[in-house]
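# Summary of structural features
Chain residues, written in single-letter form:
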Amino acid sequence: MFRPRQSTEIEVPLTPMLDVAFQLLTFFILTFKPAPMELQFDLNLLPTTPQTQPEPEPPPEDSPSDEPPAIRSFQVSLLSDSTGGLTGIELEELRFDDIAGLREQVKGLLEDPDYAFDQALIRADPDLHWEHLVAVLNMFSDLGMSKVNFTELR
Amino acid sequence: MPRPRLHNVKYQPDLTPLLDVVFQLMTFFIMVSNFNQEVYDQRVRLPVAGSARPIQNPAEDKLVLNIDETGRLLVASQALSADEAIKHIRFQADLARLNADAAGIALSAGEPLPTTVILRADRQAPFTEVFRLIRACQDVNFSRFDLRALSAPTY
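What this report covers is the structure whose coordinates are included nearby. Remember, predicted model here, so these are calculated numbers, not experimental data. (Residues numbered from 1 in each chain as written. Chains lettered and ligands numbered in written order. Predicted model: local features only at pLDDT ≥ 70, side-chain atom pairs only at ≥ 80, totals over all residues. Heavy atoms only, no water.)

Below, the discussion takes up helix α3 (residues 130-142) of chain A. When the terminal C-alpha atoms of α3(A) are compared, their 18 Å separation across 13 residues agrees well with the 18 Å that a helix rising 1.5 Å per residue should span. Turning to α3(A), its buried residues are Trp130(A), His132(A), Leu133(A), Val134(A), Val136(A), Leu137(A), Asn138(A), Met139(A) and Phe140(A). (Helix = DSSP H or I, 4+ residues; strand = E, 2+ residues; numbered from the N terminus. Expected span 1.5 Å × (residues − 1). Buried < 20%, exposed > 50% of the residue type's maximum accessible area, 1.4 Å probe, protein only.)

In structure tokens, the structure reads:
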């Protein structure tokens, strides 16, 4: 005698799982805060030895030399007021009010074949806000000058 | 012909596709969630620098220094005093030496540490405070620095 076949239908209750999944989804949506995209500057800073003065004197124009151009670093001073704002920029004896003026001057120097600058030394006022120094680093990076060092202006 | 009674009709919507979509959304949010908030302190408002390059090959051996707008070092959401900050950096340098030793890298005295210091300084931090921390790092032979900035301002 054959037993009659019983059609067994197993029902998995999906509703509680869906409830939990929606709760988790709500949590992640509410706590979602995309981090802004960060960029980086790689720096190999010089050791903390006393800073030597750079050699700012360019070769005289009327006495061209056959010697290869000397490796030089030029010195940029960032001046600030007590609130940390940028009040002026000095490049050797030249003074600029903003970074745009400095940029034009540095660009001209870098395009001059008589000069071979390999490093910029930035001397910043102690109160200067960090963003102004990063703006100058950004300018040098934009002009293709990667060797930049900085120290405190005393 | 008699019409079927409504209370006998059993309507069972198929929830499986809905569950699939929900799980996919959940997976997305889990993947993009920032679980490094302790290390990358979001209170630090980074300066903007369009010429900085995107982060490629992020260093595995790294020390993240978050510096707030007053120039204090933030560690585990706590702002450290100047002396505590220097102690923290020295401690991290000792740890880096131990890690290098454990990895079989013999470092002689004064040799630069392989750790990259990731400097996340607030845009309004005074230069002198940031520079003091950089010098403290250099004093204990950290030599690789990675300054962080943003591609566009955030408010």
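And the narrative resumes.
Quick look at the interface of chain A and chain B now. For interface size, the figure often reported is the accessible area lost on association. Residue-level contacts link 44 residues of chain A with 54 residues of chain B. It is Leu39(A), Gln40(A) and Trp130(A) that lose the most area in chain A upon contact with chain B, and together they represent 19% of the buried surface on that side. In this structure, the connection of chain A to chain B is made through two salt bridges. Arg120(B) serves as the salt-bridge partner of Glu38(A), at 2.7 Å between the closest nitrogen and oxygen. At the boundary of chain A and chain B, one finds 10 residue pairs in polar contact (both at pLDDT 80 or more). Every element with two or more residues in the side of chain A that touches chain B is listed here: α1 (15-31), β1 (38-44), α3 and β6 (148-152) of chain A. Looking at the side of chain A that touches chain B element by element, the count peaks at nine residues for α1(A). Class assignment of the residues belonging to the side of chain A that touches chain B gives a composition of 27 nonpolar, eight polar and nine charged. (Contact = heavy atoms within 4.5 Å. Buried area = accessible area lost by both parts, 1.4 Å probe. Salt bridge = Lys/Arg side-chain N within 4 Å of Asp/Glu carboxyl O. Polar contact = N/O pair within 3.5 Å; in protein donor to acceptor, adjacent residues only side chain to side chain. Nonpolar A, V, L, I, M, F, W, Y, C, P; charged D, E, K, R; others polar.)

With 17 residues, helix α1 (residues 16-32) of chain B should reach 24 Å at 1.5 Å per residue; the first-to-last C-alpha distance of 25 Å fits that figure. Here α1(B) has its buried residues at Leu19(B), Val22(B), Met26(B) and Phe29(B). For α1(B), the angular spread of the buried residues around the axis is 90 degrees, confining them to a single face. Exposed side of α1(B), more than 90 degrees from the buried face: Gln24(B) and Met31(B) are the residues found there. Packed against the buried residues of α1(B) are α1 of chain A. (Arc of directions from axis to C-beta.)

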